[in-house]
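Tertiary structure, described
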Amino acid sequence: MRAPRIDWTSVGAPVTSCSSIAPSPVAAPLRICVVDAYARATSSTPTREGFVVGEVRVAYAGCRARIAELTGRLDEQRAATAVPTCPKWSVHDVVAHVTGIVDDALAGRLDGVATEPWTAAQVEARRARPIADMLAEWDANAPSFEELLDTVGDPGRQAVADVVTHEHDIRAALVEPGARDSDAVHIGLGFVSADFVASAASQGVAVRVHATDGSEFGDQAASVVLSGEPFELLRAITGRRSIAQLRAMHWQGDGEAAMCAFTFGPFRPAAHRVVE
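Remember, predicted model here, so these are calculated numbers, not experimental data.

1. So, the sheet that holds strand E4 (residues 216-218)
The strand order E4-E3-E5-E6 describes an open sheet built from four strands, whose pairing is mixed. In this open sheet, the two strands that pair with only one neighbour each are E4 and strand E6 (250-252). Neighbour-to-neighbour, the strand axes of this sheet turn through a mean angle of 15 degrees, independent of strand direction. Sheet topology note: the strand E3 (residues 207-211)/strand E5 (residues 224-228) ladder contains five bridges and is parallel. Across the sheet, residue Val207 finds its bridge partner in E5, namely Val224.

2. Re the packing of helix H8 (residues 183-202) against helix H9 (residues 230-237)
Two elements in contact, H8 and H9, have axes separated by 9 Å at closest approach and are oriented at 45 degrees. Put simply, H8 runs oblique to H9. In the packing of H8 onto H9, the handedness of the crossing is left-handed. Where H8 abuts H9, its residues Val185, His186, Gly188, Leu189, Val192, Ser193 and Phe196 lie against Pro230, Phe231, Leu233, Leu234 and Ile237.

3. Observations concerning helix H2 (residues 55-71)
End to end, H2 covers 24 Å across 17 residues, agreeing with the expected 24 Å (1.5 Å per residue, within 8%). Here H2 has its buried residues at Val56, Ala59, Tyr60, Gly62, Cys63, Arg64, Arg66, Ile67, Leu70 and Thr71. Its buried side turned inward, H2 meets helix H4 (91-107), helix H6 (131-146), helix H7 (154-174) and H8.

4. Topic: the nonpolar core
Residues Tyr60, Trp138, Phe196 and Phe262 are the most contacted members of the largest nonpolar core, which totals 64 residues. In contact with Phe196, other than residues within four places in its own chain, are Val207, Val209, Leu226, Ile237, Ala258, Ala261, Phe262 and Phe264.

5. Looking at the environment of Asn141
As for its position among the elements, Asn141 is in helix H6. Excluding residues within four positions of it along the chain, Asn141 makes contact with Val102, Asp103 and Leu106.

6. What to know about the environment of His97
Along the chain, His97 turns up in helix H4. Residue His97 is classed as buried on the basis of its relative accessible area of 0%. Residues His97 and Arg126, spaced 29 residues apart in sequence, show a C-alpha to C-alpha distance of 8.8 Å.

7. Details of the pairing of strand E2 (residues 86-90)
Strand direction decides the pairing type here: strand E1 (residues 82-83) and E2, joined by two bridges, are antiparallel. Residue Ala82 lies in a different strand from E2, and its bridge partner there is Ser90. In this structure, the hairpin formed by E1 and E2 is closed by a connection of two residues.

8. Looking at H8
Over its 20 residues, H8 extends 29 Å from the first C-alpha to the last, a length consistent with the 28 Å expected when each residue adds 1.5 Å. Two residues or fewer after H8 comes Gly204, characterised by a positive phi angle close to 80 degrees.

9. A closer look at the pattern of salt bridges
A full pass over the atoms with the stated rule returns 21 salt bridges. One network of salt bridges, in which partners are shared, links Asp103, Asp104, Arg109, Arg126, Arg129, Asp133 and Glu137.

10. Quick look at unusual backbone geometry
Leaving glycine aside, a negative phi is the common case for residues, and trans is the common case for peptide bonds. Within the chain, Val175 stands out as a residue other than glycine whose phi angle is a positive 55 degrees. With respect to the helices, strands and loops of the structure, Val175 is situated in the loop between H7 and H8. Using a relative accessible area of 64% as the deciding quantity, one classes Val175 as exposed. Not every positive phi belongs to a glycine, and Ala179 is a case in point at roughly 55 degrees. Mapped onto the fold, Ala179 is located in the loop between H7 and H8. The partly exposed category is assigned to Ala179, whose relative accessible area is 28%.

Criteria and thresholds
- Residues numbered from 1 in each chain as written.
- Predicted model: local features only at pLDDT ≥ 70, side-chain atom pairs only at ≥ 80, totals over all residues.
- Heavy atoms only, no water.
- Pairing = 2+ DSSP bridges.
- Helix = DSSP H or I, 4+ residues; strand = E, 2+ residues; numbered from the N terminus.
- Axes fitted to C-alpha atoms, helices over the stretch in contact; angles between N-to-C directions.
- Parallel < 35°, antiparallel > 145°, perpendicular 65-115°, else oblique.
- Left-handed = near helix turned anticlockwise from the far one by under 90°.
- Contact = heavy atoms within 4.5 Å.
- Expected span 1.5 Å × (residues − 1).
- Buried < 20%, exposed > 50% of the residue type's maximum accessible area, 1.4 Å probe, protein only.
- Core = buried A, V, L, I, M, F, W, Y, C linked by side-chain atoms within 4.5 Å.
- Salt bridge = Lys/Arg side-chain N within 4 Å of Asp/Glu carboxyl O.

Put into structure tokens, the structure is as follows:
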């Protein structure tokens, strides 16, 4: 049985302010009880095969450090840069959001989680605060949050998928590409690929995802195979590519039959071509 989900519907989820282009797994938080998560953290929990204890925490912390490096010295004009993959949000707003998720999760402010008012409150509460101040808040709160990530199973990897998606949304907005082969990209791809394969199966299509690093997700006997670099696959599955871009990816079998699978949970194909 899959671990319970943290509904991190942030980066473009239909229910958030960042929803116009397509979602990413970050914005709507922790639906598992924080107290229960702490209990798990102090217990002996078997690890999922293929994962190393501590790697989820390290991957999240790496994203946090890179986002801080990207945004910590921005002036007000650059901080106000619109994020193409989150049309209603600026870079400042995305930082407010990732900071607010951790604060709300640890404080147990989960009423209305995954709704637009809930995510909007995170942004609005930090509207007048400089990015450096928000990063300091995130830095202070994140260690307690990160300590839970390897103990809660899929929700921890979901948190990584979310934050790495936001990292690259910010990079796209600032035209600062990088870290496309990070541990977080690989962990995030593993998380979202499972749901993509399940989405296809629910439509009667057997799909396998094959990454150029050798990782594969789905049935080896699948009639449809999507191949690509881990970064491109992650961005495609999390709604950061248009239908035309998805069709142009490397497919074996009837790729058209799998187009419907890109709409699942908070995700859907981008309305316009995404260049990053």
